[in-house]
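Given next are the chains, with one letter for each unit.
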Amino acid sequence: DVKVTQSSRYLVKRTGEKVFLECVQDMDHENMFWYRQDPGLGLRLIYFSYDVKMKEKGDIPEGYSVSREKKERFSLILESASTNQTSMYLCASSTLGQGYQPQHFGDGTRLSIL
Amino acid sequence: AQSVTQPDIHITVSEGASLELRCNYSYGATPYLFWYVQSPGQGLQLLLKYFSGDTLVQGIKGFEAEFKRSQSSFNLRKPSVHWSDAAEYFCAVGKTSYDKVIFGPGTSLSVIP
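Now for a description of the structure that goes with this document. (Residues numbered from 1 in each chain as written. Chains lettered and ligands numbered in written order. Predicted model: local features only at pLDDT ≥ 70, side-chain atom pairs only at ≥ 80, totals over all residues. Heavy atoms only, no water.)

## Focus: the sheet that holds strand S3 (residues 19-25) of chain A
Residues and elements named next belong to chain A. Heads up, the rule is: Any two strands are treated as partners once DSSP identifies two or more bridges connecting them. Here a helix means four or more residues in a row that DSSP labels H or I, a strand means two or more in a row labelled E, and each is numbered from the N terminus. Note on definitions: angles span 0 to 180 degrees between N-to-C directions of axes, and those axes are lines fitted to C-alpha atoms, for helices only across the stretch in contact.
Taken in spatial order, the four strands line up as S1-S3-S8-S7 in an open sheet, and their pairing is antiparallel. What marks the edges here is a single partner per strand, and that holds for strand S1 (4-6) and strand S7 (64-70). Ignoring which end each strand starts from, the neighbouring axes of this sheet average 20° apart. The pairing of S7 with strand S8 (residues 73-78) spans five bridges and is antiparallel. Within S8, the residue paired with Val-66 across the bridge is Leu-76.

## Let's talk about the environment of B:Tyr27
Here B:Tyr27 shows up in the loop between strand S4 (24-26) and strand S5 (32-38). A sequence separation of 23 residues divides B:Tyr27 from B:Val4, and the C-alpha atoms of the two residues are 8.9 Å apart.

## Here's the deal with the pattern of salt bridges
All names here are of chain A. This is how the line gets drawn: The working definition used for a salt bridge is a side-chain nitrogen of Lys or Arg within 4 Å of a carboxyl oxygen of Asp or Glu. Partly exposed residues are those whose accessible area sits between 20% and 50% of the maximum for their type, while under 20% is buried and over 50% is exposed, using a 1.4 Å probe and protein chains only.
All chains considered together, the criterion is met by 10 salt bridges over all chains. The shortest N-O distance in the salt bridge between Glu-79 and Lys-18 comes to 3.7 Å. Here Glu-79, found in the loop between S8 and strand S9 (87-94), pairs with Lys-18, found in the loop between strand S2 (10-13) and S3; they are 61 residues apart in sequence, far enough to count as distant. In this structure Glu-79 comes out as partly exposed when scored by relative accessible area, which is 41%. Arg-44 is the partner of Asp-38 in a salt bridge, and the nearest nitrogen-oxygen pair spans 2.8 Å. Several salt bridges share partner residues, and in doing so they unite Asp-28, Glu-30 and Lys-71 into one network.

## Considerations on the nonpolar core
Residues and elements named next belong to chain B. Under the convention used in this document: Residues grouped as a nonpolar core are buried Ala, Val, Leu, Ile, Met, Phe, Trp, Tyr and Cys residues, joined through side-chain atoms within 4.5 Å. We call two residues contacting when some pair of their heavy atoms lies within 4.5 Å.
Judged by nonpolar contacts, the single largest core of 27 residues is most densely connected at Leu-19, Trp-35, Leu-47, Leu-48, Phe-74, Leu-76 and Tyr-89. Elements supplying a minimum of two residues to this core: strand S2 (10-14), strand S3 (19-21), S5, strand S6 (44-50), strand S8 (64-68), strand S9 (73-78), strand S10 (87-94) and strand S12 (107-112). Among the elements that take part in this core, S10 stands out by supplying four residues, more than any other. Setting aside residues no more than four positions away along its own chain, Leu-19 makes contact with Ile-11, Val-13, Phe-63, Leu-76, Arg-77, Lys-78, Val-81 and Leu-109.

## Structural notes on the packing of aromatic side chains
The condition is simple: Note on aromatic pairs: the rings of Phe, Tyr and Trp (six-membered ring only in Trp) are paired at centre separations within 6.5 Å, and the planes decide the class, stacked below 30 degrees, edge-to-face beyond 60, tilted for the rest.
One pass over the structure, following the stated rule, counts 15 aromatic pairs over all chains. Considering the side-chain rings of A:Phe33 and A:Phe48, the 6.1 Å spacing of their centres and the 20° angle between planes classify their relative orientation as stacked. Note that A:Phe33 is positioned in strand S4 (residues 31-38) and A:Phe48 in strand S5 (residues 42-49), a separation of 15 residues in sequence. Owing to a relative accessible area of 0%, A:Phe33 belongs among the buried residues under this scheme. Considering the side-chain rings of B:Tyr50 and B:Phe67, the 4.5 Å spacing of their centres and the 25° angle between planes classify their relative orientation as stacked. Taken together, the residues B:Tyr50 in strand S6 and B:Phe67 in strand S8 connect sequence positions 17 residues apart. Residue classification places B:Phe67 among the buried positions, given a relative accessible area of 4%. Through successive ring pairs, a cluster of aromatic residues spans A:Phe33, A:Tyr35, A:Phe48, A:Phe105, B:Tyr32, B:Phe34, B:Tyr36, B:Phe51 and B:Phe103.

Structure representation (structure tokens):
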């Protein structure tokens, strides 16, 4: 089974802090994604990466950056955390293949910015 | 632009009753369509997917979904709901470039014993 592991289930940080959310997958997947999930809005794509050191902006990249130095690890960075970034953050990965390959999700990090 | 709507924010059904969750999409070509389920405190799990072929697709946990091109719909069904089916359900449409996905807002399902 594919395993996507997010380093923290719950995280509390203060406004202005630099915050790192880590995600690791164990299936050698090429694609990795970061979403935020808010009630009534579903999941919104922040950034994704289709290869090491490659990244693409998603639908809501403002206030975030990402890093992918190794294939298995994809980090989301909040450069200067703000209260409107309080949310559930979900990481996902998928492989390249013939046709569309479904995404596998981690259990999420619930981030609170005070 | 692609979009996914789920008209029902919250649905309550009795255990053993049938279930249908609605999903409508907007997409110019033949879409890749998915249903995911999120149990409390967990990530999303793929229930089923439609790429092409038979418009009635079977998934895990006894779920099925039917693709209707004329109605731009991909509704999820289950003939008899179990208490463990209480969760959030997300419909999604896939883009072909780099496998990005657009998610709907979700439908929360409660099951009465």
